[in-house]
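Listed below, chain by chain, are the residues.
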Amino acid sequence: MKRHCLIAACGLIAALLIVAPLALGTSEPETIEVSYSFDEPELMLDGPYGVPTMPGALIMQRVGQPMLPMVPARILLPEGSVPTKIEVIAGPAVTLPQPFQPRLATEQLPTNVAAAAPQQGTFLWSGEFPGKLYEQHSIQHLRGARILLLNLFPVQYDADSGLLLYYPQLDVRVELADQDADLGQRNFRGKQSDLELISGFVDNPELLQSYPERIDEPAATYDYLIIANSSLVSSVASYKTWIEDTYGISAYVKNLSEIYSSYSGVDNAAEIREFIQDAYDDWDVEYVLLVGDTDPNGTQLLPHRGVKVNVSSTYEYDMPCDLYFAALDGPWNNDGDSYWGESNDGAGGGDVDLYADVYVGRISADSSTEVANQLNKTIAHVHSGYTKKALLVGEQLDSYTYGGDNKDHVWGYVSGLTSSTLYERDGTFSASAVSDAINSNNYDFVNHLGHANPSYVMGLDSDDIVALSNTDPVLAYSQGCYSASFDNRWSSGSYGSADSVGEYFVVKTDNGAWAYIGNSRYGWYLPGSEYGVSNIFDVQFMDALFGENKRQVGDALYDSKNDLASSVSSSGAERWVYFDLNLLGCPYIPVMCGGCEISGACYPPGTTNGDCYICDPGSSATSWSYNNGATCDDGEFCTVNDACSSGACSGSARDCDDGEFCTGTESCDEDANACVSAGDPCDETEICVEESDECSPLGDDDDDDDLDDDDDDDDDLDDDDMGDDDMGDDDDDDDTSFCGFV
């Protein structure tokens, strides 16, 4: 799928067309137009049925309806405007000749529930389905930018003929009106990283020109914010210094007690979010690390926000959801009842904010020892080098669904990375095989689909995890149920005294994992299919890492959510996983080498090797690149303005000319580290005259016309007197004696 702008949304013309009606005083509405083009869909067999797919498209999954491509349209709106009319105009349709039997969406199931035989059901419809070209999802905000979120339907199923048709082009036209109402969005900061994020996400980035430029820099800026319980503040001090020194960013540690004393939210979690909102606005914060466990039955060092979600008749009223601390626009309990995160809890009674403005991770630790365990492993991960190898673990979910099939589907979105598999389908999965593989230190990344609960994942229980001996920690990602239930809740509703296995992986041992991504409640799968919702989130995470090159774990996790926001409705598995998939770890750290991997070590972008070589992944991710133009010092006195060129440092010749004629020609003496002069430019019969820049003959010190005398007044050639007119005497008279004659 390709996106491109029409005249009304491109470059400077867009700005003129948007502003001109106001300037001219006309009533013509402001408009945005964006054109989308699509390739012919590819038919993928999902059992005996087909699922058409397109690049960039999601798969619509509404129970009992055909699974067809659904393309998110993310249209940037001018600041302070709302859509009043949306039109989607289709070009000529193309009908595919082969008969097609679509797969109908069925109920998603928790990954700890075995399904009966999948039932296709009957699709009762006449004419084209879905019978519309688009639906409006919501208006969202990303770092202050207002985004209209639509779902486009370029593929239609003709139920009468059993054929598919698709539209190679859809044109979207949006009419706008000004709206002054406060929708609770954060400030548009205009910082470079925000502009890059928004530009890479929306379909019409040219419209960013209409947003205000950044005028004033904040008095203080911090890229990375650490919020820690007061008992753990000292435990993160050295990590703050390390991350600043390693990545050249600025970090700030905030004592949780200071937040509680300065804010007055409805509860402690609300006060933390209010502080993060202020840190976003005032300090330019992009990453947030929460430090402290949230055990309801123990010492609650840092609270979680529990949200309400349901999938059909399965309800959860207190699902730990760190997206609450990341998506900062508007309220999350607009109606003020006991439940947070409902679809009417956002600004104006709409849905809550779905786009993350900051990237949040959590260290769910009870003690300074547990904090040190995870942070030391995080540092070890960065320093250990990157093997570029992943371990895929797949269990059998039911008689029709194998985790290995789903993992293979996920891995189809990855390139440039080798992997090994431990699949129950292939007879290679076991607890000991998983432990041995992790202990081999051959893997950076473990990706799992299978059964789990708060005390069991990947075939391992908490004792197995503590017994791990690997020295190169991994990132673990699991679709299993409750493995990251960091509030210790079980599916029965009771709370255990032990921490979840996800926490065991990261804080209970100095081996295991440096970070863990998992579900605080159920994961969800689609029996007999690779299109389970948790698997789709996994696909998007891998695409963020390797397709979009978002190598930092927080960036990749929240990008996977942002990309799936248009699939989130008021209930359902998509909303569930969107909320319960959390990161136990530092959000800033790269999963794989996000810079340059050279001789087994990973160097962050911008790292220099000497003055004239730099890590520039855009030029090379495996070697040092020339740092052309960088200031350097070649160690030579006789060169100045030294700069790097093609890996070498050199400068232009030092100008030693002192501007004085009478000091002669100057030159640079490298041995003496000085400028030296050739000396007086005049010979022994001359004298140097600086005022006229010339050499004048010697022996002429008076003002008369004789050639060899010492007097100042006469015209004779050889006398010593001062006043007479004779030419050869020493007296003062006027005699005329000459040569002895009288």
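See above for the structure.
One structure accompanies this document, and this report is about it. (Residues numbered from 1 in each chain as written. Predicted model: local features only at pLDDT ≥ 70, side-chain atom pairs only at ≥ 80, totals over all residues. Heavy atoms only, no water.)

### As for the layout of surface pockets
Roughly 400 Å³ of internal volume is contained in the second largest pocket. Every residue lining the second largest pocket is counted, 25 residues in all, and those nearest its centre are Gln61, Ser569, Ser571, Gly572 and Glu574. Breaking the lining of the second largest pocket down by element, the ones donating at least two residues are β11 (134-142) and α13 (573-580). In terms of residue count, β11 provides more of the lining of the second largest pocket than any other element does, three residues in total. (1 Å grid on protein atoms, 1.4 Å probe; cavity = no way out; pocket = protein on both sides within 12 Å on 5 of 7 lines; lining within 4 Å. Points joined across faces, edges and corners; volume = space filled by probe spheres on them. Helix = DSSP H or I, 4+ residues; strand = E, 2+ residues; numbered from the N terminus.)

### Remarks on the pattern of salt bridges
Scanning all chains against the criterion turns up 26 salt bridges. Among the ionic pairs, Arg143 bridges to Asp194, the shortest N-O distance being 2.9 Å. Of this pair, Arg143 sits in the loop between β11 and β12 (145-152) while Asp194 sits in helix α2 (residues 192-199), placing them 51 residues apart in sequence. In terms of burial, Arg143 and Asp194 fall into one category: buried. A salt bridge links Asp322 to Arg362, with the shortest nitrogen-to-oxygen separation between them at 2.9 Å. Here Arg362 lies in strand β21 (residues 359-363) and Asp322 lies in the loop between β20 (314-320) and β21, a separation of 40 residues in the sequence. (Salt bridge = Lys/Arg side-chain N within 4 Å of Asp/Glu carboxyl O. Buried < 20%, exposed > 50% of the residue type's maximum accessible area, 1.4 Å probe, protein only.)

### Brief notes about the packing of helix α11 (residues 533-547) against α13
For the pair α11 and α13, the least separation of the axes is 9 Å and the interaxial angle reads 50 degrees. The orientation of α11 relative to α13 falls into the category oblique. Here the hand of the crossing between α11 and α13 comes out right-handed. Of the residues in α13, those touching α11 at Val533, Ser534 and Phe537 are Ala573, Glu574, Val577 and Tyr578. Residues that form the contact of α11 with α13 fall into these classes: five nonpolar, one polar and one charged. (Axes fitted to C-alpha atoms, helices over the stretch in contact; angles between N-to-C directions. Parallel < 35°, antiparallel > 145°, perpendicular 65-115°, else oblique. Left-handed = near helix turned anticlockwise from the far one by under 90°. Contact = heavy atoms within 4.5 Å. Nonpolar A, V, L, I, M, F, W, Y, C, P; charged D, E, K, R; others polar.)

### So, the state of the cysteines
Scanning the model with the defined rule gives seven disulfides in all. The partner cysteine of Cys638 in its disulfide is Cys668, sulfur to sulfur 1.9 Å. Taking the sign of the torsion about the S-S bond as the criterion, the disulfide between Cys638 and Cys668, at about -90 degrees, is left-handed. Linking Cys638 in the loop between β38 (625-626) and β39 (639-645) with Cys668 in strand β41 (residues 666-669), this pair joins segments that are 30 residues apart in sequence. Given the relative accessible area of 15%, Cys638 is considered buried. (Disulfide = S-S within 2.5 Å.)

### Concerning the sheet that holds strand β8 (residues 94-95)
Spatial ordering of the open sheet is given by β8-β14-β13-β10, a layout of four strands whose pairing is antiparallel. Either end of the sheet is taken by a strand with one partner, and the two such strands are β8 and β10 (128-129). When β8 meets strand β14 (residues 163-166), the two strands line up antiparallel, connected through two bridges. When the bridges of β14 are listed, Thr95 appears paired with Leu165. (Pairing = 2+ DSSP bridges.)

### Here's the deal with the packing of aromatic side chains
Two measures describe an aromatic ring pair: the distance that separates the ring centres and the angle between the ring planes. Counting across every chain of the model gives 32 aromatic pairs. Each ring, one from Tyr224 and one from Tyr588, has its centre 6.4 Å from the other, and the planes form 90 degrees; the classification is edge-to-face. One end of the pair, Tyr224, is in strand β16 (residues 224-228); the other, Tyr588, is in the loop between β33 (581-584) and β34 (596-598), and 364 residues separate them in sequence. A residue is classified by how much of its surface remains accessible, and Tyr224, at 0% relative accessible area, is buried. Among the aromatic residues, those joined into a cluster by ring pairs are Tyr224, Tyr239, Trp242, Tyr247, Tyr287, Tyr359, Tyr558 and Tyr588. (Phe/Tyr/Trp six-rings, centres within 6.5 Å; stacked < 30°, edge-to-face > 60°.)

### Observations concerning a nonpolar patch on the surface
A contiguous nonpolar surface patch, about 300 Å² in accessible area, is contributed by Tyr315, Tyr317 and Tyr339. Looking at the element boundaries, Tyr317 is found in strand β20. Residue classification places Tyr317 among the partly exposed residues on the basis of a relative accessible area of 42%. (Patch = residues over 30% accessible without salt bridge, like charges linked within 9 Å, V, L, I, M, F, W, Y side chains within 5 Å. Areas by Shrake-Rupley, 256 points an atom, 1.4 Å probe, with all protein chains shown as cover.)

### Some words on the sheet that holds strand β17 (residues 251-255)
Strand order in the open sheet formed by four strands is β17-β16-β18-β21, with parallel pairing between adjacent strands. With one partner strand each, in any of the chains shown, β17 and β21 form the two edges of the open sheet. Direction aside, neighbouring strands of the sheet carry axes that sit 20 degrees apart on average. Examined bridge by bridge, β16 and β17 share five bridges and lie parallel to one another. Pairing of Ile227 across the sheet is with Lys254, part of β17. Against the sheet, helix α3 (residues 237-247) contacts β16, β17 and β18 (287-291), and its axis sits at roughly 160 degrees relative to β17.

### Some points on a negative patch on the surface
On the surface, a cluster of negative charge is contributed by Asp655, Asp657, Asp658, Glu660, Glu691, Asp693 and Glu694. Examined against the element boundaries, Asp657 turns out to sit in the loop between β40 (648-653) and β41. Residue Asp657 is classed as exposed on the basis of its relative accessible area of 55%. (Lys, Arg positive; Asp, Glu negative; His and termini not counted. Charge placed at Lys NZ, Arg CZ, Asp CG, Glu CD.)

### Side note on helix α6 (residues 368-383)
Its 16 residues give α6 an end-to-end C-alpha distance of 22 Å, which sits within 8% of 22 Å, the value for a rise of 1.5 Å per residue. Of all the positions in α6, only Glu370, Val371, Asn373, Gln374, Leu375, Lys377, Thr378, Ile379, His381 and Val382 are classed as buried. Its buried side turned inward, α6 meets α3, β18, β21, α10 (501-507), β31 (513-519) and β33. (Expected span 1.5 Å × (residues − 1).)

### Thoughts on the side chain of Asp293
On the secondary structure map, Asp293 appears in the loop between β18 and β19 (306-311). At 6.0 Å, Lys508 is the nearest oppositely charged side chain to Asp293, a buried residue that forms no salt bridge. Once you skip the residues sitting within four places of it in the chain, Asp293 turns out to touch Thr299, Gln300, Leu301, Leu302, Ser364, Ala365, Asp366, Phe486, Asp499 and Glu503.

### Structural notes on the pairing of strand β42 (residues 674-677)
One ladder, built from four bridges, connects β41 with β42; its direction is antiparallel. Bridge assignment links Ser667 to a residue of β42, and that residue is Val676. The antiparallel hairpin formed by β41 and β42 contains four residues in its connecting segment, where Asn673 sits at a positive phi of about 50 degrees.

These results come straight from atomic positions and should not be treated as a statement about function.
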